[in-house]
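Results of the structural survey
Spelled out from the first residue to the last, the chains are:
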Amino acid sequence: MSAQADSWDRAALSVGLLLFAPRYLAGAVIRMRASPDRNTVLDSLANLSTRRLHPAISDEQLFGGLDLSETLKHGQLIENNGFFNNPCAIMLTMAERCGPELAAKLAHQLDRHAGHCFLALDEGAEPDEAAPPALTERLPFHIAPEGKAPAGWAPVPAGTAPVPPREVACTQGDLEALTMLAARFGIDSLRAPLLALRVARAHAGMAGRNKLHAEDLEAAACLVFPQRATRMPAQEDAEEDAPAPPETETGTDAGMQNTSDLPDGDMLVDAVKALLPADLLAGLVPAGTLRSSQGDGAGQKRKGNRRGRPLPSRPGRLDGRSRIDLVATLRAAAPWQPMRRAAQPSAGGLLIRPSDIRLKRYQEQSDRLLIFAVDASGSAAVSRLNEAKGAVELLLAQAYAARDHVALVSFRGTEGEILLPPTRSLVQTKRRLASLPGGGGTPLATGLQQAAALATQSRGKGLTPTIVVLTDGRANIALDGSADRTHAAADAARMARVICAQGIQTLTIDVSKRPQPALKALAEQLGGPYLALPRADARTLTGAVSAALEA
Amino acid sequence: MKTPFPFSAIVGQSAMKQAMILTAVDPGIGGVLVFGDRGTGKSTAVRALAALLPPIRAVESCPVNSPRSADCPEWAELGSKKVVSRPTPVIDLPLGATEDRVVGALDIERALTRGEKAFEPGLLARANRGYLYIDEVNLLEDHIVDLLLDVAQSGENVVEREGLSIRHPARFVLVGSGNPEEGELRPQLLDRFGLSVEVRSPADVAERVEVIKRRDAFETDHAAFMAEYGAEDTKIREAILKARRRVAKIITPPDIIEDCAKLCIALGSDGLRGELTLLRAARALAAYQGKRKLTRAHLRDIAPSALSHRLRRDPLDEAGSGTRVMRVVEDVLG
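Residues numbered from 1 in each chain as written. Chains lettered and ligands numbered in written order. Predicted model: local features only at pLDDT ≥ 70, side-chain atom pairs only at ≥ 80, totals over all residues. Heavy atoms only, no water.

As recorded in an unreviewed UniProt entry, chain B goes by the name Mg-protoporphyrin IX chelatase, listed as coming from Roseobacter insulae. Recorded in UniProt under Sequence similarities (unreviewed entry), the annotation for chain B is "Belongs to the Mg-chelatase subunits D/I family." (UniProt positions renumbered as here; feature names shortened; annotations may be inferred.)

The name recorded for chain A in an unreviewed UniProt entry is Magnesium chelatase subunit D, from Roseobacter insulae.

Digging into the overall build of chain B
Scanning chain B from N- to C-terminus turns up 13 helices and 11 strands. Across the 334 residues that make up chain B, the buried fraction comes to 52%. By sequence separation, contacts in chain B at least 24 residues apart represent 74% of the contacts at least 6 residues apart. Accessible area for chain B stands at about 14,800 Å²; split by element, carbon and sulfur atoms hold 50% of it. (Helix = DSSP H or I, 4+ residues; strand = E, 2+ residues; numbered from the N terminus. Buried < 20%, exposed > 50% of the residue type's maximum accessible area, 1.4 Å probe, protein only. Contact = heavy atoms within 4.5 Å. Areas by Shrake-Rupley, 256 points an atom, 1.4 Å probe, with all protein chains shown as cover.)

Quick notes on the pattern of salt bridges
Between side chains of opposite charge, a pair can form as their charged atoms come close. This model, assessed by the stated rule, comprises 17 salt bridges over all chains. Linking A:Arg31 and A:Asp122 is a salt bridge whose minimum nitrogen-to-oxygen distance equals 3.0 Å. Pair noted here: A:Arg31 is in strand β1 (residues 27–31) and A:Asp122 is in strand β6 (residues 117–122), with a separation of 91 residues, a long-range link. Where B:Glu156 meets B:Arg167, a salt bridge forms, and the shortest distance between an N and an O atom there is 3.2 Å. (Salt bridge = Lys/Arg side-chain N within 4 Å of Asp/Glu carboxyl O.)

Side note on the sheet that holds strand β7 (residues 130–135) of chain B
Residues and elements named next belong to chain B. Taken together, five strands build an open sheet; the order of strands is β4-β7-β10-β1-β11 and the sheet is parallel. Taken across any chain shown, the strands that pair with only one partner, and hence form the sheet edges, are β4 (90–92) and β11 (195–199). The sheet shows a mean angle of 20 degrees between the axes of neighbouring strands, direction not considered. As paired strands, strand β1 (residues 32–36) and β11 are joined by five bridges and run parallel to one another. Looking at β11, one finds that Phe35 is bridged to Glu198. Packed onto the sheet, helix α1 (residues 14–25) meets β1, β7, β10 (172–178) and β11 and runs at close to 155 degrees relative to β11. (Pairing = 2+ DSSP bridges. Axes fitted to C-alpha atoms, helices over the stretch in contact; angles between N-to-C directions.)

Some remarks on empty space enclosed by the protein
For the structure shown, the criterion picks out four cavities of 30 Å³ or more. Considered as a void within the structure, the largest cavity measures approximately 140 Å³ in volume. Taken together, 15 residues line the largest cavity, and the ones lying closest to its centre are A:Arg138, A:Arg191, B:Arg38, B:Lys42 and B:Glu136. Taken together, the residues of the lining of the largest cavity break down into one nonpolar, six polar and eight charged. (1 Å grid on protein atoms, 1.4 Å probe; cavity = no way out; pocket = protein on both sides within 12 Å on 5 of 7 lines; lining within 4 Å. Points joined across faces, edges and corners; volume = space filled by probe spheres on them. Nonpolar A, V, L, I, M, F, W, Y, C, P; charged D, E, K, R; others polar.)

Regarding the pairing of β1(A)
All names here are of chain A. For β1, the tally of buried residues reaches four of five residues, placing the bulk of the element in the interior. Bridging between β1 and β6 involves five bridges; their strand directions are parallel. Looking across to β6, one finds that Ala28 is bridged to Leu119. Where β1 and strand β7 (residues 141–143) come together, three bridges link them in parallel fashion. Its bridge partner being in β7, Val29 is matched across the sheet by His142.

What about the environment of B:Gly163?
All names here are of chain B. Summarising the element assignment, Gly163 is placed in the loop between β8 (156–161) and β9 (164–169). The exposure class assigned to Gly163 is exposed, which follows from its relative accessible area of 58%. Note: C-alpha distance between Gly163 and Lys117 (46 residues apart in sequence) is 8.4 Å.

Digging into a positive patch on the surface
Where like charges cluster on the molecular surface, the positive patch consists of A:Arg474, A:Arg485, A:Lys513 and A:Arg514. Within the secondary structure, A:Arg485 is located in helix α20 (residues 485–501). (Patch = residues over 30% accessible without salt bridge, like charges linked within 9 Å, V, L, I, M, F, W, Y side chains within 5 Å. Lys, Arg positive; Asp, Glu negative; His and termini not counted. Charge placed at Lys NZ, Arg CZ, Asp CG, Glu CD.)

Re the side chain of A:Thr466
On the secondary structure map, A:Thr466 appears in strand β14 (residues 464–471). Judged by relative accessible area, A:Thr466 falls into the buried class, the value being 1%.

Considering the state of the cysteines
Under the definition given, this model contains zero disulfides over all chains. Free cysteine B:Cys264: the closest other cysteine sulfur is in B:Cys260, separated by 6.7 Å. (Disulfide = S-S within 2.5 Å.)

Some remarks on the packing of aromatic side chains
Summed over all chains, the structure comprises five aromatic pairs over all chains. An angle of 70 degrees between the planes, with centres 5.9 Å apart, marks the rings of B:Phe218 and B:Phe225 as edge-to-face. Residue classification places B:Phe225 among the buried positions, given a relative accessible area of 4%. Ring centres 4.8 Å apart and planes at 50 degrees place the aromatic pair B:Phe225 and B:Tyr229 in the tilted group. Here B:Phe225 pairs with B:Tyr229, and both are found in helix α9 (residues 222–247), just four residues apart, close to one helical turn. Per residue, the accessibility class of B:Phe225 equals that of B:Tyr229, and both read buried. An aromatic cluster is defined as three or more aromatic residues linked by ring pairs; in this entry it consists of B:Phe5, B:Phe218, B:Phe225 and B:Tyr229. The side chain of A:Arg198 reaches across the aromatic face of A:Tyr24, ending 5.5 Å from its centre. (Phe/Tyr/Trp six-rings, centres within 6.5 Å; stacked < 30°, edge-to-face > 60°. Lys NZ or Arg CZ within 6 Å of the ring centre and 35° of its normal.)

Below, the structure written as structure tokens:
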């Protein structure tokens, strides 16, 4: 319970600070589902008199643009006032639905310090569903209290004699403490310590101090860093003995006085550590890997207004990017004609209002491409090349039924080869497969490289690639063609990580006599399922593949 | 709007700063692409560049900043023909810009009020002889990218629409910035950028503290901070002006040209744009450093930014193309 109460305390402090210096702090992310509790928080922010902005807002509303009705009425260009033209508090509702384009525009606006205060309401339910990082990065606070609001919750009020945050002095030591702390939590962006500094200043200003105290730094670190942390700090870091930066004239004397009451670095670390989410380590992904490696089985769906299968049209504005659905528009306007005619007897033709306009929407389904990377080396040939061939053939039949594209990559000796570029021709694939010769070393890395290159290429053409690797896993030829077993394994692992990083869906099928632990590790690096088939016929293999693909 | 953060106050990021200065020395290099993580000072540097650039001489009322009144396009209705000094235009191309805004379109106000057909110049006209800056260039919509490709190549903007037939010069330095995690850039557009640099957060704590300190000083004591670094900026500006005068006179030994060609062949870069940019950028660098002769050291210095984005894309290379270029440079230049 105390953790929950604590999270509400922090929310109270964040909101209090935000109310104290909205322009200076520039805003917050409020990650809560719509609930009475969220209303409590939002009500407390009501003083900011926010304007609401939704993720699908048009540029004209944002930046200001031609006001068509007024322009036509007065016969001269009249522009409406955009959100950005005068400083105000802006509330972005459904921030988790905000696309990167809008985020970029808002971020630009935040960078200009034009005096806006952004409140991003993030209603994301899943961990992956969150406001775009370009935006959250620039907002100091992350208000996400847990549990129910305690009775009588209210933002922390400002002191009786507040000091403007800009006038709060800070020392070299304060700067170092915040920067160091950010580095120890693995926060790369330099915006984090900057924002923390601002928060610390506002915190001191609110309490009526004109100098930063230990409690200000602690509060700032606790409010700004936990949501950005990417790692737990090591117990004792080598950073302690990093060379001290040159002190400035102003910094020296103030720094001397303050060293005594500067909080110990470890104390600050402990304070933030206590606030880190428990699943931080579980949620950590090594740099470069994308969460998206778990794709859907079939091709990805994309909504657009240009191509694909038509969806029901919906009301909207003509913004030059979408196409009008004429029939639907006329149908929407038709029932109103007599009424509108009565209101405007002099007007000729059809009377169409903006609310009648219907826009076309399409859903594009990209085709799936199955890339078979088949190990045709001597070791595989001895064991089960024919079985693998048979399995691929059966899979081909299924692929044909699903109108999937198929490509074939084989690797043996020292090189990988694209036997068949992406095609839908079943006959051709079968013929190539039948004549697939076996023998030679296992250049697994090269095979993966070829398959990945093909996958990337096909993705550019709008296909959704899936790589199916059939191998016995005994990689013994490295990327450069040398016969070095350890080197070859390292190369294969590296290539697997690259494929995983690109978010390509994979499936690894072990065709060796006994399941190979090394291959299982490889499958993990590829981020896809692993199937070991000690002894099975082609039909079991196919069943397993389809099951894995549909999962 | 507030004065941007001064260019000389940016800590570290020397590759990015050098690339930007070189395009100011020789606009023919053809632009800079800055790719990097969030919070590394990309946008700050570009916005600072605007304040750093030396002013240009242009006809006062000309929409395309022509240097002489004879050069003004015939469709422009000129008021004052006086040649004045004005800051080098740095035009922001916002992500959501419509085609009309970018290339120019029928002037709606005039069409409605006076029933006249007149051309309202767009961002490309305003960027002539200056810079066109696209933040988050990798998120730019495809049809705008297509337009830019064409204009950046020909240096001329041709508008044929709504009964208008207009052309005007549009020679600008393209500056793009973006975060590669959010999207890739098409190789065609990539090739149009002369130099590309990758920026990273400084790993050194002292350097990080310095960044925070300067930024904080900039925000709290604006006037004093600008006074401190304004002089530095002026120095850089003067060096750029000097280098501009010198760049045409740089002596280029034939074996250096051969080195350029060898480098590009070894790297297998497409087309000849690589060699040309490499040579131009190296010359600009020599001029900026106050040298008279081009040497291998200049080539070595500039090769990663001039060539790394022109390699056949190898998505499987984890090391990054900059390292690949350095390796080849070591091989070829010894």
